[in-house]
Amino acid sequence: MAKKEANPRLIKWILLLSEFDVEIKDKRGTENRVADHLSRLVDVEEELKLREEFPDEQLFSVSTELPWYANIVNYLVTNGFPSEFSKAQKDKVRSDAKYYVWNDPYLWKHCADQVIRRCVSASEVIPILTFCHSYACGGHFGAKRTARKILDCGFFWPSIFRDAYMFCKSCAQFQKTGKLRSRWIGPFVITNVFSHGAVEIKSLETSKIFKVNGQRLKHYFEGVQANEEEDAHDLTLDDPPQID
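Please read these numbers as outputs of a predicted model, since none were measured by experiment. (Residues numbered from 1 in each chain as written. Predicted model: local features only at pLDDT ≥ 70, side-chain atom pairs only at ≥ 80, totals over all residues. Heavy atoms only, no water.)

Enquirer: Would you mind showing me how to read the overall build of the protein here?
Expert: Looking only at helices and strands, the protein has 8 helices and 7 strands in total. Relative to its 244 residues, the protein shows a buried fraction of 23%. For the protein, restricting intrachain contacts to residue pairs at least 6 apart in sequence, the fraction spanning at least 24 positions comes to 38%. Summed over its atoms, the accessible surface of the protein is roughly 21300 Å², and 52% of this surface lies on carbon and sulfur atoms. (Helix = DSSP H or I, 4+ residues; strand = E, 2+ residues; numbered from the N terminus. Buried < 20%, exposed > 50% of the residue type's maximum accessible area, 1.4 Å probe, protein only. Contact = heavy atoms within 4.5 Å. Areas by Shrake-Rupley, 256 points an atom, 1.4 Å probe, with all protein chains shown as cover.)

Enquirer: Explain the sheet that holds strand S2 (residues 106-110) here, please?
Expert: Backbone hydrogen bonds are what pair the strands of a sheet, in a parallel or an antiparallel way. A sheet is described by the order of its strands in space; here 4 strands give the open sequence S1-S2-S3-S4, paired in mixed fashion. Both outer strands of the open sheet, strand S1 (100-103) and strand S4 (155-156), are each paired with one neighbouring strand and no more. Two strands pair when backbone bridges link them, and strand S3 (residues 116-119) and S4 are joined in this way by 2 bridges, in the parallel orientation. Directly across from Arg-118, in S4, lies its bridge partner Phe-155. Sheet strands touched by helix H2 (residues 70-78): S1 and S2. Its angle to S1, the strand with the most contacts, is close to 70°. (Pairing = 2+ DSSP bridges. Axes fitted to C-alpha atoms, helices over the stretch in contact; angles between N-to-C directions.)

Enquirer: What exactly am I supposed to notice about the pattern of salt bridges here?
Expert: For side chains bearing opposite charge, pairing can occur when the charged atoms are close. Under the criterion given, the structure shown has 5 salt bridges. For Arg-94, the salt bridge identified is with Asp-91, shortest N-O distance 2.9 Å. Of this pair, Arg-94 and Asp-91 both sit in helix H3 (residues 87-96), 3 residues apart, which is roughly one turn of the helix. For Asp-91, a relative accessible area of 33% corresponds to the partly exposed category. Close ionic contact of Arg-117 with Asp-113 constitutes a salt bridge, the shortest N to O distance being 2.8 Å. Relative accessible area serves as the criterion here: at 44%, Asp-113 is assigned to the partly exposed category. Because the salt bridges share partners, they merge into one network encompassing Lys-87, Asp-91 and Arg-94. (Salt bridge = Lys/Arg side-chain N within 4 Å of Asp/Glu carboxyl O.)

Enquirer: Hey, could you run me through a nonpolar patch on the surface in this one?
Expert: Residues Leu-76, Val-77 and Trp-102 make up a contiguous nonpolar surface patch of roughly 240 Å² in combined accessible area. Tracing the chain through its elements places Val-77 in helix H2. Using a relative accessible area of 52% as the deciding quantity, one classes Val-77 as exposed. (Patch = residues over 30% accessible without salt bridge, like charges linked within 9 Å, V, L, I, M, F, W, Y side chains within 5 Å.)

Enquirer: How should I be thinking about the packing of helix H4 (residues 125-133) against helix H6 (residues 160-170) in this particular structure?
Expert: Pairs of packed helices are described in terms of their axes, by the angle between the two and the distance that separates them. Packing of H4 against H6 brings their axes to within 11 Å, and their N-to-C directions diverge by 65°. The interaxial crossing formed by H4 with H6 has right-handed handedness. Taken together, the residues of H6 that come into contact with H4 (itself represented by Val-125, Leu-129, Thr-130 and His-133) are Asp-163, Ala-164, Phe-167 and Cys-168. Taken together, the residues of the contact of H4 with H6 sort by class into 5 nonpolar, 2 polar and 1 charged. (Left-handed = near helix turned anticlockwise from the far one by under 90°. Nonpolar A, V, L, I, M, F, W, Y, C, P; charged D, E, K, R; others polar.)

Enquirer: Where do I start with the pairing of S1 in this structure?
Expert: Each regular strand shows side chains that alternate between the opposite faces of the sheet. With 4 bridges connecting them, S1 and S2 associate as antiparallel partners. Its bridge partner being in S2, Trp-102 is matched across the sheet by Leu-107. Here S1 hands over to S2 after 2 residues, the two strands then running antiparallel side by side.

Written out as structure tokens, the structure reads:
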């Protein structure tokens, strides 16, 4: 096998096929009518133009709300005030900041009952109220009891009692149940049991019916009335002996 102007690829095939008794004939591409069609294809990629408009483009409003303690945190961190604050507002923030401690990322307050509680923003108020009022640990109690549960959990914001009142007012299950009585003297008969833990009881003496927390009910054991004549005994006590 001999060929002029042989390229390296052709020489490679010649060496591989040299051990076989074959004859290699080279033909120009213009003369080879059965050439692979794919080798003749020209790959032309169309450039995609950048679209400055999106389908179904809409503009949504974005609003940010600062937490109620933003000015207190800024004062504790930078010892500064907003430029539009008056002297009275600056004195108010400076006076309130004495009861707060900033520990990034939370603000803590020293409350009047000597308990340190974490300050929460408005976005956390509804989940906390829902947990302390509607969940299993809540029991659908009144506004004051719900607010006390929030304080016991270690949370604080200035309008706890007002928000708890408005939340309980909007709770349909609490409105159906009504206010639970916290003090009563038995014995009573249970007349109805609610799914959220409240129990309706009836007094045997006055026949009054009211609702209480089912967790505070206890079994009533009627005491045995003793006969005063049979059980009454006279006991005489001697003087203690004198020790010399």
